[in-house]
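# Secondary and tertiary structure notes
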Amino acid sequence: MTLLDLWLSRSIPMCLLLQSLVLMALCFPSASMCPKGCICQRDLHLHGLNVTCSQSRLKEIPPSLPVDTVLLRLDHNQIGTVPDQAFHGLRLLRELNLSYNAVETLGEGAFSGIEATLQVLDLSHNRITSVHKDAFARLKARVIVDDNPWHCDCALQQAIGGMAHNHEAAARVLCRSSELRDQEGRPFLAVDTDLCNLAKRTTDYAMLVTMFGWFAMVISYVVYYVRQNQEDARRHLEYLKSLPSKPKKPDEADDISTVV
């Protein structure tokens, strides 16, 4: 065996080993990239990471998520809030699963930065009662929002109206409470009233009642003031009448006689 043959025989296994290490590095990201309690796997078809943090007893969204995350599962945890720009750096994210958590409300910037790429957003089985009117405004994703204790008001009506698939989302919303008492417990689609105009009319009515109350109070004060002055004037006049008349002096009587 020549030296060349010997070198080739040792180089081939080494090349195979290097190839295996490269494939492992691509398919299994380092532990430092993957959040604690999560499993990260490389998705060769989507050219990104599938990050699974399901049933990990998380109380908040993990910080420093891999920027090449394409699928993020945070379901079946105890997450109570979605901070503004929580997913801002995940510009490849296509699917976000936040179902079965304890989220109660959503702000305007909860999904900022992922509007262009996100395709599916699952918020079902949470405790969401209200959302900012623009929480879903720029999302193109299909949003799943059923099984939440929704309060049907103007903000929710605006938020659902801004969804790309608003009819499908509205069909799954059940009003736990509502600005209209007769809508409680009914599907959101059954609300055929413009809740924003209803809120405006309610505000206008409240302002009108307040203004009328102030006007009535001013009139009452003026009437009381006038009557009080009249009463004081009457008492003063009666006091003057009750005073004894002033007797005439003797000199004045003599002057009168002389003139006569």
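Structure first, text after, so check above.
Predicted model only: the values in this text are computed from it and were never measured.

### A look at the overall build of the protein
Each helix and strand in the protein was counted, giving five helices and 10 strands. Counting all 260 residues of the protein, 32% fall into the buried class. The long-range fraction of contacts in the protein, counting pairs at least 24 apart against all pairs at least 6 apart in sequence, stands at 44%. Carbon and sulfur atoms provide 60% of the accessible area of the protein, an area that totals close to 17,400 Å².

### Considering the state of the cysteines
In this structure the tally under the stated criterion is four disulfides. Between the sulfur atoms of Cys-38 and its disulfide mate Cys-53 the distance is 2.0 Å. When the S-S torsion is 110 degrees, as for the bridge of Cys-38 with Cys-53, the disulfide is right-handed. In this pair, Cys-38 is assigned in the loop between α1 (3-27) and β1 (39-43) and Cys-53 in the loop between β2 (48-52) and β3 (69-73), connecting sequence segments 15 residues apart. Of the two residues, Cys-38 and Cys-53, both sit in the buried class. The side chain of Cys-154 participates in a disulfide bridge whose partner is Cys-196; the two sulfur atoms lie 2.0 Å from each other. Between Cys-154 and Cys-196, the S-S torsion sits near 90 degrees, and that sign places the bridge as right-handed. Note that Cys-154 is positioned in helix α2 (residues 154-161) and Cys-196 in helix α4 (residues 195-242), a separation of 42 residues in sequence.

### So, the pattern of salt bridges
Applying the stated criterion to the full structure yields five salt bridges. A salt bridge links Arg-42 to Asp-68; its shortest N-O distance comes to 2.8 Å. On the criterion of sequence distance, the pair formed by Arg-42 in strand β1 and Asp-68 in the loop between β2 and β3 is long-range, its members being 26 residues apart. A relative accessible area of 23% means that Arg-42 is categorised as partly exposed. Among the salt bridges present, the one from Arg-142 reaches Glu-168, with a minimum N-O distance of 3.4 Å. Of this pair, Arg-142 sits in strand β8 (residues 142-144) while Glu-168 is found in helix α3 (residues 166-171), placing the two residues 26 residues apart along the sequence.

### Brief notes about empty space enclosed by the protein
This structure, assessed with the given rule, holds one cavity of 30 Å³ or more. Reported here for the largest cavity is a volume of approximately 50 Å³. If you trace the largest cavity, you find it lined by Glu-108, Phe-111, Ser-112, Glu-115, Asp-134, Ala-135, Phe-136, Ala-137, Arg-138 and Leu-139. The residue makeup of the lining of the largest cavity, split by class, is five nonpolar, one polar and four charged.

What counts, and at which threshold
Residues numbered from 1 in each chain as written. Predicted model: local features only at pLDDT ≥ 70, side-chain atom pairs only at ≥ 80, totals over all residues. Heavy atoms only, no water. Helix = DSSP H or I, 4+ residues; strand = E, 2+ residues; numbered from the N terminus. Buried < 20%, exposed > 50% of the residue type's maximum accessible area, 1.4 Å probe, protein only. Contact = heavy atoms within 4.5 Å. Areas by Shrake-Rupley, 256 points an atom, 1.4 Å probe, with all protein chains shown as cover. Disulfide = S-S within 2.5 Å. Salt bridge = Lys/Arg side-chain N within 4 Å of Asp/Glu carboxyl O. 1 Å grid on protein atoms, 1.4 Å probe; cavity = no way out; pocket = protein on both sides within 12 Å on 5 of 7 lines; lining within 4 Å. Points joined across faces, edges and corners; volume = space filled by probe spheres on them. Nonpolar A, V, L, I, M, F, W, Y, C, P; charged D, E, K, R; others polar.

Functional significance is not addressed by these values, which are geometric in nature.
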